[in-house]
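An overview of the molecular structure
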Amino acid sequence: MDNTANDFIRNATLALQDTRLQTAIRSGTRREVNGRIAAMAETTDANALRQQGRAGKLRALHSLPDVLELLERNLTAHGARVLWAADGEECNRLVLDIARQHAVRRVIKGKSMVTEETALNAALERAGLEVLETDLGEFILQLAHDRPSHIVAPTVHVTRQQVRDLFAERLGMEPSDDPSALTHAARLFLRQRFLEADMGITGANFAIAETGTLAIITNEGNGRMCSSLPRVHVVVVGIEKVVETVEDFGTLVQMLTRATAGQKLSSYVHLMSGPARPGDPDGPDAFYVILLDNGRSTIHAGEYAESLACIRCGACLNNCPVYQRAGGHAYGWVYSGPIGSIITPLMQGIRNAAPLPNASSLCGACQEACPVGIHIPDMLLRLRRDLVREGDSDPALAAGIKGWSAAMQSPLLYELSGKAARLATQIAAGEADTVQHLPGPLGSWTRNRDFPRFAAKSFHQLWRERKRG
Ligand code: SF4
């Protein structure tokens, strides 16, 4: 599939025909959805916790420049070197400069969507560095020359059988479907590389300003290995990841792990502030933090600033009926699902991601699942408005909506159009309950689903009959 968001419809159509992909995504997302629902049901005052987490994120965004400066001051006081990157290119250049300065040859990486955004791996490899992903999912994708399709579960589109074949081919292991055997093979391969690496690169889930602390939340512990074993550690973090206080972090981490995988807390919550101090048993000699903007300041200054409150839990993807069928690759860039349909047009330009704001039924499942209550459907609607303002509107759709709007405002037109639609669907459906092929441009509706025939009598008719009776 092409890596462009404008190919969404074509990519989604192909994905719908891919039964293996459909099975993989359905089982992966269903597991996470059920886990989240159970974890939230078990949580006392889950809604209060959600409101508290949301308030913490919005407060940090409200005074973002001040909170970022506080973070920088406190990190610097711990001995970290804080650098600012305006865009992905500058970020990659800074990482390369650090690598050259410290004579780095081997790099290990923890899972980081922000470095997917800057295409860091390709930049490092072009410069002759050896780069190894250490998150199990990312490691599988690197071996398969594939890319993540989910912000938390990067291999949700991959089946266990595919991993079996991949590991047999690339790691030389005896073919096995057993998850423990597969994990063991990956661990054996990675263990020595952890010890040999010169530089570790990770993202951070949260940056706590009041203490100058960065937090990595994982279930594998690879983030801790990447940040404590190599002599140089670089953390690349988007500026929206900052929170003001440890208390805010405490609330948000609980929401993140519940929303992501239904866990009260993940296996590893790793906190770091700077290089190893004298007497520390481990930790890097040099510790760098790159605060990446890459379009975030522009978003922050506009009407979509709330989208920066996203804590990248993936719950909106798991709950979205469009994501569940189209899969993440169809969205054409790093971020997929409902939040990707907002972030991608904002970061890549709305004309470069025109189908995405429309890739939603606006059912609201995303907002209901979001642990920080981001108004996703509302933002998608506003992006659709922006598209129309940019001249991107379908004349047939616009005429249809105008006609519908006129019918809704006139009782006579409403009744007449209802009668016409009832008659038309009854003729088209014949004996069946649904219409399988609508004519003309309406046919795209029935390409992948049926259209229910209208009821024989309208509500108004039934009401009148009831009153007469
Ligand atoms: S928008 Fe909400 S649900 Fe979606 S990834 Fe972000 S925090 Fe999670």
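Report follows, based on the coordinates. Everything numeric here is computed off the predicted structure, so don't read it as measured data. (Residues numbered from 1 in each chain as written. Predicted model: local features only at pLDDT ≥ 70, side-chain atom pairs only at ≥ 80, totals over all residues. Heavy atoms only, no water.)

Of regular secondary structure, the protein possesses 21 helices and 12 strands. Computed over its C-alpha atoms, the radius of gyration of the protein comes to 25 Å, within 12% of the 23 Å expected for a compact globule of 469 residues. Once the C-alpha set of the protein is aligned to its principal axes, its extents read approximately 90 × 55 × 45 Å. Residues counted as buried form 49% of the 469 residues belonging to the protein. The long-range share in the protein, meaning contacts at least 24 apart out of those at least 6 apart in sequence, stands at 74%. Averaged over its 51 positive side-chain charges, the protein has a centre that lies 7 Å from the centre of its 51 negative ones. (Helix = DSSP H or I, 4+ residues; strand = E, 2+ residues; numbered from the N terminus. Rg over C-alpha atoms; globule rule 2.2 N^0.38 Å. Buried < 20%, exposed > 50% of the residue type's maximum accessible area, 1.4 Å probe, protein only. Contact = heavy atoms within 4.5 Å. Lys, Arg positive; Asp, Glu negative; His and termini not counted. Charge placed at Lys NZ, Arg CZ, Asp CG, Glu CD.)

The next subject is helix 5 (residues 88–101). The end-to-end C-alpha distance of helix 5 is 20 Å, a good match for the 20 Å that 14 residues give at a rise of 1.5 Å each. Considering only its buried residues, helix 5 is in contact with strand 1 (81–85), helix 7 (120–126), strand 4 (199–202), strand 7 (232–238) and strand 10 (286–292). (Expected span 1.5 Å × (residues − 1).)

This next bit is on the site of the ligand. Near the ligand there are 14 residues, and of these Cys310, Cys313, Gly314, Cys316 and Cys370 occur at the shortest range. In a pocket analysis with a 2 Å cut-off to the grid points, the ligand is assigned to the largest cavity. Residues of the shell around the ligand, tallied by class, amount to 12 nonpolar, 1 polar and 1 charged. (Near = heavy atom within 4 Å. 1 Å grid on protein atoms, 1.4 Å probe; cavity = no way out; pocket = protein on both sides within 12 Å on 5 of 7 lines; lining within 4 Å. Sits in = over half its atoms within 2 Å of the grid points. Nonpolar A, V, L, I, M, F, W, Y, C, P; charged D, E, K, R; others polar.)

With that out of the way, let us pick up the nonpolar core. If you look at the biggest cluster of nonpolar residues, it comprises 57 residues, and the most contacted ones within it are Phe8, Phe206, Phe249, Tyr323, Tyr335, Ile374 and Ile376. Setting aside residues up to four positions removed in sequence, Phe249 forms contacts with Phe206, Ile208, Ala215, Ile217, Val243, Val269 and Leu271. Of all hydrophobic cores here, the second largest spans 24 residues; its members include Cys91, Leu96, Val104 and Leu292. (Core = buried A, V, L, I, M, F, W, Y, C linked by side-chain atoms within 4.5 Å.)

When the charged atoms of two side chains with opposite charge come close together, those side chains can pair. Per the counting criterion, the structure on display carries 21 salt bridges. Of the charged contacts in the structure, one is a salt bridge between Glu130 and Arg106, with a shortest N-O distance of 3.8 Å. Linking Glu130 in strand 3 (residues 130–133) with Arg106 in strand 2 (residues 106–109), this pair joins segments that are 24 residues apart in sequence. Under the relative-accessibility criterion, Arg106 is labelled partly exposed at 33%. In this structure, Glu240 engages Arg296 in a salt bridge whose closest nitrogen and oxygen atoms are separated by 2.7 Å. Taken together, the residues span a long stretch of sequence, with Glu240 in the loop between strand 7 and strand 8 (242–243) and Arg296 in helix 13 (residues 296–301) at a distance of 56 residues. (Salt bridge = Lys/Arg side-chain N within 4 Å of Asp/Glu carboxyl O.)

Under the defined criterion, the tally for this structure stands at 9 aromatic pairs. Both rings, one in Trp445 and one in Phe451, keep their centres 6.2 Å apart while their planes meet at 80 degrees; by these two values the pair is edge-to-face. Counting every residue linked through ring pairs, the aromatic cluster contains Phe8, Tyr323 and Tyr331. Directly above the ring of Phe189 sits Arg193, whose terminal nitrogen or CZ lies 3.8 Å from the centroid. Its end group placed over the ring of Tyr335, Arg312 keeps NZ or CZ at 4.7 Å from the ring centre. (Phe/Tyr/Trp six-rings, centres within 6.5 Å; stacked < 30°, edge-to-face > 60°. Lys NZ or Arg CZ within 6 Å of the ring centre and 35° of its normal.)

The next thing to look at is the sheet that holds strand 2. Here we have 6 strands laid out as an open sheet, ordered 1-10-7-4-2-3, and parallel in their pairing. For this open sheet the edge positions go to strand 1 and strand 3, each flanked by a neighbour on one side alone. The sheet shows a mean angle of 20 degrees between the axes of neighbouring strands, direction not considered. Looking at chain direction, strand 7 and strand 10 are connected through 7 bridges and run parallel. If you follow Val235 over to strand 10, its bridge partner there is Val289. Sheet strands touched by helix 5: strand 1, strand 4, strand 7 and strand 10. Its angle to strand 10, the strand with the most contacts, is close to 170 degrees. (Pairing = 2+ DSSP bridges. Axes fitted to C-alpha atoms, helices over the stretch in contact; angles between N-to-C directions.)

The 4 strands lie next to each other as 8-5-6-9, forming an open sheet whose pairing is mixed. Both outer strands of the open sheet, strand 8 and strand 9 (268–272), are each paired with one neighbouring strand and no more. In terms of strand pairing, strand 5 (residues 206–208) meets strand 8 through 2 bridges, oriented parallel. Note on strand 8: the bridge partner recorded for Ile208 is Val243. This element, helix 12 (residues 246–261), spans strand 5, strand 6 (213–218), strand 8 and strand 9 of the sheet and lies at about 165 degrees to strand 5.

Attention now moves to the pairing of strand 6. Counting buried positions along strand 6 yields 6 of 6 residues, so the element is predominantly enclosed. Residues Thr213, Ala215 and Ile217 point to one face of strand 6 and Leu214, Ile216 and Thr218 to the other, with burial holding for every one of them. Relative to strand 6, strand 5 runs antiparallel, the two sharing 3 bridges. In the strand pairing of strand 6, Phe206 is matched with Ala215. Hairpin connection between strand 5 and strand 6: a loop of 4 residues separates the two successive antiparallel strands, and Gly212 in this loop has a positive phi of roughly 65 degrees.

The residue Asn319 is located in helix 14 (residues 315–319) in this model. Taking relative accessible area as the criterion, Asn319 reaches 15% and is therefore assigned buried. Polar contacts involving the side chain of Asn319 include one to the main-chain carbonyl oxygen of Ala315, which spans 2.9 Å. Residues contacting Asn319, with those up to four places away along its chain left out, are Val33, Arg36, Gln324, Ala365 and Ala369. (Polar contact = N/O pair within 3.5 Å; in protein donor to acceptor, adjacent residues only side chain to side chain.)

Considering all chains together, one arrives at 3 cavities of 30 Å³ or more under this definition. Size it by volume and the largest cavity reaches roughly 90 Å³. In terms of lining residues, the largest cavity is bounded by 14 residues, among which Cys310, Cys313, Cys316, Cys370 and Ile374 are the most central. Residue classes in the lining of the largest cavity are distributed as 12 nonpolar, 1 polar and 1 charged. Roughly 60 Å³ of volume is contained in the second largest cavity. Lining of the second largest cavity is provided by Glu240, Arg296, Ile299, Ser307, Leu308, Cys310, Arg312, Ile343 and Met347. (Points joined across faces, edges and corners; volume = space filled by probe spheres on them.)

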